[in-house]
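The chain contents come next:
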Amino acid sequence: MKKFSIKSLLQRCWRWSFSLGLIVLTIACTPSGDNIISSGALNSRYTEEQPALSGNGRYLAYVSNRAASRNILLYDLQLQQLVPLPRLNQRQTIVENPSISYTGRYIVYVTSNRGTQIMVLYDRITHTPQILNQWYQGLVRNPSISPDGRFIAFEGSLRGQWDIEVLDRGTNVELDLPDSPLPGTSP
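Residues numbered from 1 in each chain as written. Predicted model: local features only at pLDDT ≥ 70, side-chain atom pairs only at ≥ 80, totals over all residues. Heavy atoms only, no water.

## So, the nonpolar core
By size, the foremost hydrophobic cluster in this structure holds 15 residues, and its most contacted members are Ile72, Leu74, Leu85, Leu88, Ile100, Ile107 and Tyr109. For this core, the secondary-structure elements that each account for two or more residues are β2 (59-64), β3 (71-76), β5 (94-100), β6 (106-113) and β7 (116-123). With three residues, the top contributor of residues to this core is β2. Not counting residues within four places of it along the chain, the set of residues in contact with Ile72 comprises Tyr62, Val63, Leu85, Leu88, Asn89, Val95, Pro98 and Tyr109. In terms of nonpolar packing, the next biggest core, distinct from the first, is built from 12 residues, Tyr106, Val108, Met119 and Phe154 among them. (Core = buried A, V, L, I, M, F, W, Y, C linked by side-chain atoms within 4.5 Å. Buried < 20%, exposed > 50% of the residue type's maximum accessible area, 1.4 Å probe, protein only. Helix = DSSP H or I, 4+ residues; strand = E, 2+ residues; numbered from the N terminus. Contact = heavy atoms within 4.5 Å.)

## Re the sheet that holds strand β8 (residues 128-131)
Read from one edge of the open sheet, four strands run β5-β6-β7-β8, paired in antiparallel fashion. The open sheet is flanked by β5 and β8, the only strands paired with a single partner. For this sheet, the mean inter-axis angle between neighbouring strands, taken without regard to orientation, is 30 degrees. Bridge analysis of β7 against β8 gives four bridges, and the strand direction is antiparallel. The residue bridging Leu121 from the neighbouring strand is Gln130, located in β8. (Pairing = 2+ DSSP bridges. Axes fitted to C-alpha atoms, helices over the stretch in contact; angles between N-to-C directions.)

## Description of the packing of aromatic side chains
Per the stated rule, a full pass over the model turns up two aromatic pairs. Their ring planes at 90 degrees and their centres at 5.3 Å tell us that Trp135 and Tyr136 sit as a pair that is edge-to-face. With a relative accessible area of 47%, Trp135 lands in the partly exposed category. The buried category is assigned to Tyr136, whose relative accessible area is 7%. Ring geometry for Tyr136 and Phe154: centres 5.5 Å apart, planes at 85 degrees, overall edge-to-face. In this pair, Tyr136 is assigned in the loop between β8 and β9 (140-145) and Phe154 in strand β10 (residues 151-156), connecting sequence segments 18 residues apart. (Phe/Tyr/Trp six-rings, centres within 6.5 Å; stacked < 30°, edge-to-face > 60°.)

## A short note on the sheet that holds β10
With antiparallel pairing, the three strands of this open sheet are ordered in space as β9-β10-β11. Pairing within the sheet leaves two strands with one partner each, and these edge strands are β9 and β11 (163-168). With strand direction ignored, the average angle separating the axes of adjacent strands in the sheet is 25 degrees.

In structure tokens, the structure reads:
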């Protein structure tokens, strides 16, 4: 039978507290998801895919698996930093296939939450996402926005097969033209 002593108890407690301290320190020093996304780097150790370049060549929108979720990130190639996209990425959703207008004002993409596919238009000036296919009865995929932001082409399954559909946002939309000021800057 092993003899119990205060000294052996203290040694065991010290080993456990030291091990637990190392684990806590490791977790505390691991960057959180927000830090990973806002780090400003174009490429990371995570999967980066589905790139879309703005018409003026300044912005690159892409899907990234940083922070353990799929998010759309926007990278400013001129300033070499990530651009914040408030209200675009939502928790518990999967985003796919970003497409971007001429100056990067509009980003269109497909998202799914609990199996429902939604085509969304995000306006970087107003920071508002707008659902585009609430009227559409089929599935949607691979949206592509015109450089001026008026038209959106996508694949739709309304007839039971994948067809090409074109959505005209109308004549009253604010167009993203080559001489338009960049989002976030004053004219």
